[in-house]
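For reference, the chains in residue letters:
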Amino acid sequence: MSNTTEISAGLVKELRDRTGAGMMDCKRALQETGGDVDAAVTLLREKGMAAAGKRADRATTEGLVGVVLEEDAGTIVGVGCETEPVSRSDEFRGFAEAVLRAVHADGPGAVDGLEPERLELMGKLGENIVVVGARRLEGGTLAQYVHPPANKIGVLVKLDGGSAELARQLAMHISFGRPEWRTRDDVPAETVEAERRIYLNSEEVQSKPEAAREKIVDGMLAKRFFAAMPGGVLVDQAWIHDQSKSVGQVLAEENATVEDFALVSVAGA
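All values reported here derive from a predicted model rather than from experimental measurement.

Trainee: Residues and numbers for the overall build of the protein chain, please.
Mentor: Across its full length, the protein chain holds 11 helices and six strands. Since a compact globule built from 269 residues should have a radius of gyration of about 18 Å, the 25 Å found for the protein chain marks it as more spread out than a globular shape. In terms of overall dimensions, the protein chain has a C-alpha envelope of 90 × 45 × 30 Å along the principal axes. Within the protein chain, the fraction of its 269 residues that count as buried is 41%. Taking all contacts inside the protein chain whose residues are at least 6 apart in sequence as the whole, residues at least 24 apart take part in 61%. Just so you have it, the protein chain exposes about 13900 Å², and 49% of that area is on carbon and sulfur atoms. Seen as two clouds, the 31 positive and the 44 negative side-chain charges of the protein chain have centres 5 Å apart.

Trainee: Describe in detail the pattern of salt bridges, supporting the description with residues and values.
Mentor: This model, assessed by the stated rule, comprises 16 salt bridges. Asp-25 is paired through a salt bridge with Arg-28; the nearest N and O atoms lie 2.9 Å apart. Residue Asp-25 and its partner Arg-28 are both found in helix α2 (residues 23-32); the two are separated by three residues, about one turn of the helix. For Arg-28, a relative accessible area of 41% translates into the label partly exposed. We note a salt bridge from Lys-158 to Glu-259, for which the minimum N-O separation is 3.3 Å. With Lys-158 in strand β5 (residues 153-160) and Glu-259 in strand β6 (residues 257-265), this residue pair connects regions lying 101 residues apart in the sequence. For Lys-158, a relative accessible area of 17% corresponds to the buried category.

Trainee: Run through the sheet that holds strand β3 (residues 130-138), naming residues and quoting values.
Mentor: Spatially, the three strands line up as an open sheet ordered β1-β2-β3, and their pairing is antiparallel. One side of each edge strand has no neighbouring strand; the edge strands of this open sheet are β1 (62-69) and β3. Neighbouring strand axes in the sheet, compared pairwise and without regard to direction, differ in orientation by 10 degrees on average. Pairing analysis gives eight bridges linking strand β2 (residues 73-81) to β3, with the strands arranged antiparallel. Pairing of Gly-78 across the sheet is with Gly-133, part of β3. Of the strands in this sheet, β1, β2 and β3 touch helix α5 (residues 90-106), which is tilted by about 145 degrees from β2.

Trainee: Could you give an account of the sheet that holds β6, naming the residues involved and the relevant values?
Mentor: Spatially, β4-β5-β6 is the arrangement adopted by the three strands of the open sheet, whose pairing is antiparallel. Every interior strand has two partners, whereas the edge strands, β4 (141-146) and β6, have only one. Between one strand axis and the next, the sheet turns by 10 degrees as a mean value, whatever way the strands run. Two strands pair when backbone bridges link them, and β4 and β5 are joined in this way by six bridges, in the antiparallel orientation. Paired with Tyr-145 across the bridge in β5 is Val-155. Seen against the sheet, helix α7 (residues 164-177) touches β4, β5 and β6 and runs at an angle of roughly 40 degrees to β4.

Trainee: I'd like a rundown of the pairing of β1, residues and numbers included.
Mentor: Pairing of β1 with β2, which is carried by eight bridges, proceeds in the antiparallel orientation. Note on β2: the bridge partner recorded for Val-68 is Thr-75.

Trainee: Mind laying out the packing of α5 against helix α6 (residues 115-125), listing which residues take part and the relevant values?
Mentor: At a closest axis distance of 11 Å, the pairing of α5 and α6 adopts a crossing angle of 170 degrees. Classified by the angle between their axes, α5 and α6 sit roughly antiparallel to one another. Contact with α5, carried on its side by Glu-91, Phe-92 and Phe-95, involves Glu-117, Arg-118, Leu-121, Lys-124 and Leu-125 of α6 and no other residues of that element. Here the residues of the contact of α5 with α6 are counted per class, giving four nonpolar, no polar and four charged.

Quick notes on the rules
- Residues numbered from 1 in each chain as written.
- Predicted model: local features only at pLDDT ≥ 70, side-chain atom pairs only at ≥ 80, totals over all residues.
- Heavy atoms only, no water.
- Helix = DSSP H or I, 4+ residues; strand = E, 2+ residues; numbered from the N terminus.
- Rg over C-alpha atoms; globule rule 2.2 N^0.38 Å.
- Buried < 20%, exposed > 50% of the residue type's maximum accessible area, 1.4 Å probe, protein only.
- Contact = heavy atoms within 4.5 Å.
- Areas by Shrake-Rupley, 256 points an atom, 1.4 Å probe, with all protein chains shown as cover.
- Lys, Arg positive; Asp, Glu negative; His and termini not counted.
- Charge placed at Lys NZ, Arg CZ, Asp CG, Glu CD.
- Salt bridge = Lys/Arg side-chain N within 4 Å of Asp/Glu carboxyl O.
- Pairing = 2+ DSSP bridges.
- Axes fitted to C-alpha atoms, helices over the stretch in contact; angles between N-to-C directions.
- Parallel < 35°, antiparallel > 145°, perpendicular 65-115°, else oblique.
- Nonpolar A, V, L, I, M, F, W, Y, C, P; charged D, E, K, R; others polar.

Structure, rendered in structure tokens:
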């Protein structure tokens, strides 16, 4: 069958139903494969995957963050795309759900096993699709928060001690405060030293008496670096539910500590 041979509308519909590709793409693929639907599926997949490489450097600022939370384990996954309409499509949501379930069952390494499906979806939807975060936490007091209505940022948190409600409030706090570190001990020493030098050499500090400079810098680090929002250290940040307290103070009141947290955002992925 040559490229000029007529392809029936039924074959085109069958191929579209199986691949989601455009009508003219389906027709051309059928013409190239002599009306062989299976071969046309393969051809479209190959073309889709080739196109995926060209799309891989395109920014993804839309998408979804999903969470699965059970009694002893929780999983959070973010999948990014380029436009809001694609993020709402059944195909995209189905893939995001598949990634979430796979990671929950087998851990973050399961993402690699879904690479063929990701590339195929890129070809089908015509957008860059990326998994921007995948974490699984086990044990402790677990809670999650996904910020509505866009569901583009989410948090999974694990406490040692404390109540489920405290964990939930903390997950919400993390989504707004976006801390980089859990405690000061988690901050690399060279990072702290670099910040200290910046403050110490600033005109604001250099204008003060030399004997007072180190103490002034300590205060600046505490307020402007460790307690920064967004960024900074979680336990140093002001508690969004009561700004008169720090997160660390609230945790201490309930004899709780943060063992781990995962913050996933698809915005600007």
